[in-house]
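Fold and contact review
Chain by chain, the residues:
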Amino acid sequence: MYRYDEFDHAFVAERVAQFRDQVERRLSGELAEDAFKPLRLMNGVYLQLHAYMLRIAIPYGTLNSKQMRMLAHVARTYDRGYGHFTTRQNLQFNWPKLSDMPAVLHDLSTVEMHAIQTSGNCIRNVTADHFAGAAADEVADPRPYAEILRQWSSVHPEFSLLPRKFKIAVTGAERDRAAIQVHDIGLHLKKNDKGEIGFAVYVGGGQGRTPMIAKLIRDFLPEEDLLSYTTAVMRVYNLHGRRDNKYKARIKILVHETGAEELARQVEVEFAQLKDSELKLPDADVQAITRYFALPDMPERPEGWESLARWKKADEDFARWVQQNVQPHKNPDYGMVTISLKPIGGIPGDATDAQMEIVADIAEEFAFDEIRVSHEQNLILPHVALADLESVFRRLQGTGLETANAGLITDIIACPGLDYCALANARSIPLAQEISSRFGSAERQAEIGELKIKISGCINACGHHHVGHIGLLGVEKKGAELYQITLGGSGDEHTSIGEIVGRGFDPDKVTDAIETIVNTYLGLRLDPSEIFLAAYRRVGPQPFKDALYGSAAEAA
Amino acid sequence: MVDKVLTANRLTDGISVWLDANGQWSTSLQGALVARHPEAVAALEAIGKRAYAENKVVDVNVIDVQETEGVLWPLRLRERIRAEGPTMEYAPGYPIADPKFIDA
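Quick look at the structure, then. (Residues numbered from 1 in each chain as written. Chains lettered and ligands numbered in written order. Predicted model: local features only at pLDDT ≥ 70, side-chain atom pairs only at ≥ 80, totals over all residues.)

Looking at the overall build of chain A
On a plain count of helices and strands, chain A comes out with 18 helices and 20 strands. Taken over the C-alpha trace, chain A has a radius of gyration of 23 Å; the compact-globule value for 556 residues is 24 Å, and the two agree within 12%. Here chain A, with 556 residues, has 53% of them falling under the buried criterion. Pairs at least 24 residues apart make up 67% of the contacts formed inside chain A by residues separated by at least 6 positions. (Helix = DSSP H or I, 4+ residues; strand = E, 2+ residues; numbered from the N terminus. Rg over C-alpha atoms; globule rule 2.2 N^0.38 Å. Buried ≥ 20, exposed ≤ 12 C-beta atoms within 10 Å, placed from the backbone. Contact = placed C-beta atoms within 7 Å.)

See the structure below:
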C-alpha cells in the first residue's frame, strides 16, 4: 500500500499543529464558533446530537494492521471503546472531546492517517472496489488511480471551495462493487482494443434528496489524461454549479439541468486546453504509484484445496462462512475474506477496540497485513490462503466477527440515524437490528439468498436506501417516525433507483412489511437462483403492493 | 403556552447540556429550568446567547417540553434521544435510553 513520502509527513504534521493551535484558541475563547466551525469541519470534526464526531479518512478503504491498531487505541483512549465504519469507507468516532482532538489527530498521523477533507465542499475521500488488487475479475487495480486522485485533490486550491461536496469512486472490474454510478464522478477502469488502460467516465450520479444515476460522458479516457480530464469536469462544475441553493448545488443537478451531452461538450472544451499541460500523467509516475500496490509475495499454497474440502465437510458453520464470506482471488490458492460487521441483531458497521485488535492480528498473521473497509460497512482481508481459512475462522469465532452473512438479508447497511446524527429524522440502527433478528436464522437467510437492505434516517441517504434492493427511508411525520419502503434499487453495474412502493409504515410495522415483501418474493421467484432484485425487475412492484396494501392498491 | 427549556452542547466535549435553576449547564434534562411564559422564554434565549458568546456552549436551542408528574419530557423524539442517549446498547458501561421515556 501507499507509504507517505517526506512531503506527506510534513504536510499532515503541519495540519495537526495548525489545528492544535486552532483548538487551543477556540477553547480559550480567542476564536468564536462562527470562525472555528469551518476550521473544525476541514479537519473532520462535526457536532452531532450527543457529542462531537470525528470522521477519519481511510483512503480507498485500504489500511494495514498498524493503522487498525491505532484506530483501536483511539477508540479505547479517547472514545467509548468502539468506532463506526461508514458507507464511504471511512471511520467515525462518536464521542471524542474537542479538547482531545489534537492528540487524536497527532496519534493518527504517526500511522499516516488523518481526517482532512472528510467534510466541507471539497473532493472527499476517493473510494474504490474493496476487492481491488485481489479480485479475479479485475482488469486493473483501481487503487493507484485513486491514490493519484487523492494526491491531486488534497488541499487543491482551486477545488477547496466547490459549490458542494464532491465524491469520486473508482472500480477496476466489470462487476461494479464501488457503486460508481451514484457518485459525482465514477471511473470504470477498462482496456481498449489495443490493450491500453483507460477509463469510462460517469458524471452526475448521487443519492440524497434527488437521486440520479450518473451519465456516461466518455467511453474511453486514456490513462494519461486522468487528471486533465477530471480537472476539466471540476472546472465546469466549479464555474456553473449552483451556489444559490444548497439542495441544487451538486453536480448531478448541473448535469440534469444542462444535459449530459452539452456538459460533455463543455468538459471537452476545457479538456482541450488542459490535455497536454503539466497534468498529463507521466507513465513513470503511474508505474511508481502502482508499485506501492503490487500484490504481496504470495507463495503457492495448493494444500489448501484438499484441507478446505475436508474442513467444510467436518464443520457446517465453517462451510457456511466460506460459502458466504469468501470470494475467489486472482490467485487460485487464495481467497478474499469478508469479515462481517453485521452480527445478528447488532449495529451495522460498529467495531469495538478489541475487535479491531483481533482483525489487525489476523491480518498480520494470515493476510499480508492488508485490510479493507467496504462501502457496505464490512471489513475485508483481501489475500488469505485457502489453507489458512480454517485458522482465520477459528480466530473470529466468539468475537462477534464470524457472522456468515455477506450479501444476505442481514448484511444491512444503516446510517447512524437519529441515535447519533444531528440531521436525521428517524432512527436507522434499531430498525436494522430488528430486521436482522427477525431474519437471523442461517437456514432462512440461505433460502432467501442475495438481498440488500439499506436504511437511511433522513433524505441525505447516507444509508444508500435509494440503491437498496429493499430501501428504507425514515422520515418524521406529525412528530413520529415513519418509514418509506423502496424496492428495486441497485448500486452495481446495472444501477437503478428504488421505487417507493406505497404509503409509509410505523416503526413497529416495518419488519412485518419486510417479511411480507420477502414472502411475496419467495412465492413468485422462478427458482432459488432468481434473486430478489431479478424477480422484482421481472414482475415489477404490483405483487408487492398487493401483498402490502391489498389487491386494490393503486400505484404509488 | 408550551413549556420550554434551554439546551446546548458543551464546548469542550460536545456533551448535551441543559440550563438548570442555578444557572449551571447540567448534563441532566430533569433539573432544567422550565420557562412557562413568554418573558421567561426571552430570558432563556438571552442566557443562551450570552453563554454562546462566552464560549461555554454551542448549538444553543430553546426546546418544547411537557412536565408530567415532575418529569420533563421533550415533545420531539430528537430531543428525547438527546436527553437519554442512543436507544440501543452501543458500548459496555454506558446506559441505554429508557424506552418508556423515548416512546411514550
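Picking up after the structure, the text goes on.
What about helix α8 (residues 260-274) of chain A?
Residues and elements named next belong to chain A. Given a rise of 1.5 Å per residue, 15 residues ought to cover 21 Å, and the 21 Å separating the end C-alpha atoms of α8 matches this to within 8%. Within the sequence span of α8, burial applies to L263, A264, V267 and F271. Viewed end-on, α8 has its buried residues packed into an arc of 95°, placing them on one side of the element. With respect to the buried face of α8, the exposed residues turned more than 90 degrees away are E261, E262, V269, A272 and Q273. On its buried face, α8 is in contact with β9 (197-203), β10 (215-222), α6 (226-240) and α7 (251-258). (Expected span 1.5 Å × (residues − 1). Arc of directions from axis to C-beta.)

Focus on the sheet that holds strand β1 (residues 3-10) of chain B
Residue and element names in this part refer to chain B. Across the sheet, which stays open at both edges, the five strands sit in the order β3-β2-β1-β4-β5 with antiparallel pairing between neighbours. With partners counted over all chains shown, the strands left at the sheet margins are β3 (25-26) and β5 (71-74), one partner each. Relative to strand β2 (residues 16-19), β1 runs antiparallel, the two sharing three bridges. When the sheet's bridge partners are listed, A8 is paired in β2 with V17. Helix α1 (residues 38-53) contacts β1, β2 and β4 (57-68) of the sheet and is inclined by roughly 155° relative to β4. (Pairing = 2+ DSSP bridges. Axes fitted to C-alpha atoms, helices over the stretch in contact; angles between N-to-C directions.)

Focus: the environment of F505(A)
Secondary-structure assignment places F505(A) in the loop between β20 (499-500) and α16 (507-524). Once residues within four sequence positions are removed from consideration, F505(A) is found in contact with Y483(A), I485(A), V510(A) and A513(A).

Points about the nonpolar core
Residue and element names in this part refer to chain A. Counting 130 residues, the largest nonpolar core has L54, V170, L187, V203, V233, V359 and L381 as its most contacted members. With eight residues, α6 is the largest single contributor of residues to this core. In this view, V233 contacts I185, V203 and V267; residues no more than four positions away in its chain are not counted. Counting 49 residues, the second largest nonpolar core, distinct from the first, contains L418, C458, L487 and V510. (Core = buried A, V, L, I, M, F, W, Y, C linked by C-beta atoms within 7 Å.)

Overview of the interface of chain A and chain B
Contact with chain A, which involves 24 residues of that partner, is made by 24 residues of chain B. Of the residues forming the side of chain A that touches chain B, the biggest block, three residues, is contributed by helix α14 (residues 429-438) of chain A. Class assignment for the residues of the side of chain A that touches chain B results in twelve nonpolar, six polar and six charged. (Nonpolar A, V, L, I, M, F, W, Y, C, P; charged D, E, K, R; others polar.)

Examining the packing of helix α3 (residues 65-78) of chain A against helix α12 (residues 353-366) of chain A
Residues and elements named next belong to chain A. Contact geometry of α3 with α12 gives a least axis separation of 8 Å together with a crossing angle of 170°. For the element pair α3 / α12, the angle class is roughly antiparallel. Between α3 and α12 lies a crossing of left-handed hand. Along the contact surface, α3 presents S65, M68, R69, L71, A72, A75 and R76, while α12 presents D353, M356, E357, V359, A360, A363 and E364. Tallied by class, residues from the contact of α3 with α12 come to eight nonpolar, one polar and five charged. (Parallel < 35°, antiparallel > 145°, perpendicular 65-115°, else oblique. Left-handed = near helix turned anticlockwise from the far one by under 90°.)

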